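What follows is the residue order along each chain.
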Amino acid sequence: MTIYIKGHDFHYEMENLCRVFFPNEKLTVTRELTGMQSDPSYVFLERQQTSDGNYIIRVHVLAQGEEDFASETIAGDGEEAEQQCERRMAVLLYRILTKLTGIVPSWGILTGVRPIKLLRRLVETEGGEAQASRYFTDQLLVTPGKTQLALQTMHEEQRLFALSRPESFSLYVSIPFCPTRCAYCSFVSQTVERAAKLIPDYVDLLCQELEQTAAIASALSLRLETIYFGGGTPTTLTAQQLARLIEQVRKCFDLTHCREFTVEAGRPDTITVEKLQALKDGGVDRISINPQTLNDDVLAAIGRRHSAAQVLQAYDLARQMGVDNINMDLIAGLPQDTAESFQATLDQVVGLAPESITVHTLAMKRSAQYTLQGMRLYKEACETAQAMLDYSDTLLPKHEYSPYYLYRQSRMVGNLENVGWSKPGKEGLYNVYAMDETHSVLACGAGAVTKLRDPHSSYLERVFNFKYPYEYISRFDEMLQRKEKIPAFYEVYRP
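Attention here is on the structure that accompanies the text. (Residues numbered from 1 in each chain as written. Predicted model: local features only at pLDDT ≥ 70, side-chain atom pairs only at ≥ 80, totals over all residues. Heavy atoms only, no water.)

### What to know about helix α12 (residues 339–352)
The terminal C-alpha atoms of α12, which comprises 14 residues, lie 20 Å apart, in line with the 20 Å expected from a rise of 1.5 Å per residue. Those residues of α12 that fall on the buried side of the exposure criterion are A339, S341, F342, T345, L346, V349 and V350. On its buried face, α12 is in contact with β12 (326–332), β13 (356–361) and α14 (379–398). At the C-terminal side of α12, A353 shows a positive phi close to 60°. (Helix = DSSP H or I, 4+ residues; strand = E, 2+ residues; numbered from the N terminus. Expected span 1.5 Å × (residues − 1). Buried < 20%, exposed > 50% of the residue type's maximum accessible area, 1.4 Å probe, protein only. Contact = heavy atoms within 4.5 Å.)

### Some points on empty space enclosed by the protein
Applying the stated criterion across every chain, the model contains 1 cavity of 30 Å³ or more. As a volume, the largest cavity reaches approximately 40 Å³. Within the residue set of the lining of the largest cavity, elements represented by two or more residues are α3 (115–126) and α15 (429–436). Broken down by element, the residue count for the lining of the largest cavity peaks at 3 residues, all from α3. Tallied by class, the residues present in the lining of the largest cavity amount to 3 nonpolar, no polar and 5 charged. (1 Å grid on protein atoms, 1.4 Å probe; cavity = no way out; pocket = protein on both sides within 12 Å on 5 of 7 lines; lining within 4 Å. Points joined across faces, edges and corners; volume = space filled by probe spheres on them. Nonpolar A, V, L, I, M, F, W, Y, C, P; charged D, E, K, R; others polar.)

### Details of the pairing of β13
The buried fraction of β13 is high, at 6 of 6 residues. In β13, alternate side chains face the same way, and those of S356, T358 and H360 on one face and I357, V359 and T361 on the other are all buried. In the sheet, β12 pairs with β13 via 6 bridges, with the strands oriented parallel. Note on β13: the bridge partner recorded for D329 is T358. In the classification by handedness, the crossover that spans β12, the intervening α12 and the parallel β13 is right-handed. When β13 meets strand β15 (residues 418–422), the two strands line up antiparallel, connected through 4 bridges. Across the sheet, the residue bridging to I357 is W421, located in β15. (Pairing = 2+ DSSP bridges. Right-handed = clockwise from strand over helix to strand, strands pointing away.)

### Observations regarding the side chain of E471
With respect to the element layout, E471 can be found in helix α16 (residues 469–474). Buried E471, no salt bridge; nearest opposite-charge side chain is R475, N-O distance 4.2 Å. Setting aside residues no more than four positions away along its own chain, E471 makes contact with F466 and F476. (Lys, Arg positive; Asp, Glu negative; His and termini not counted. Salt bridge = Lys/Arg side-chain N within 4 Å of Asp/Glu carboxyl O.)

Listed below in structure tokens is the structure:
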């Protein structure tokens, strides 16, 4: 499908909105209108300024053999009129596409990653929660259910933000290795079979990067609030390698004020007594055990080499070892999963009573095997995923779980959301701070991205590490030089 643009720069949001309705289409954005007359499928989006200084916006869609169009006049000029033109164009496009496709996205015209940040800003600018909620439902076409979910999440986050200070930061440590690559995964993580020979050198260099990063943080008098070992699957490493990295963190960083130390032990087939003991001895106080589903057929379909029984065994082992803060991840919308099967999975997980449960929605990333293999999404898959999330939203509060962070990704089934649910006082602080960009995150390892946050505004700068482990190893000295950007940033933006 071609998206023809005339007289405006709203192409990014309009393309993302079109992708919600046509997830299987290749979308091309152009300002060259000559091909439109012969195009069998297109979206035409025009803004034209009138002689009296107002604007006319026009939306014309030809898709699936049907055609529709709409227009509207927007009064005024300047930045406010610009914003109104973009929002109203999105509304016209949304209404046409819902009519043509029968798909009614529950987040309305919102396509952004962080709807809670938007809601918080609206509460401040629109005069309170009631007005902000009305703006969500009336102007952005978000359903009342999703608006209420966003409000609940915002309330939970507010208490956690108060723990952060201007000099606060979090530490992210990337372990980009996994036992196998899941079919839905787009991360740069590599399977152990392919990358085993890289791991010893990777761990050696990662220890060096941690030491230099800690020295920078110390010189700047930064305050470490949370630590997160992610990936990949950190427990792909041996118990000795995990212990070494954890000890390096404890030796190099000041953990006096650290509130949380999380390690993703995401794959149950990587969890052993020795590794859990290494985590416990190192002061790790929160882990993730991520089944994604407890349906063995679905596990096999997504490329997992473990059974649902192994998930339960790993969970029991962690409890026996004294782990008292466990998160479990699930994914709604996996191929071959049904609403009934997902409900059975969630019922089992709730029965285990982990301290937190994160319910993700499948995102069809470009580099994932599912996408490369030509998997397509249809209206029925979106409706099934919505039913799965509706069940989560109903069941989890009954068991004292509250939504404490929420974010969205591009190409999500049904344009839905990921939600972290937790029992009181068991929220994953790193998740909140990283997603909200509350304070700086200093990141180490391949594929890691340091995010430097101005303590007095929302301004961010990013420092990228090399993406793949072989690059990280072969160009390590060059990459370390990038860490010099951190003190340079704080010279300008002092806590």
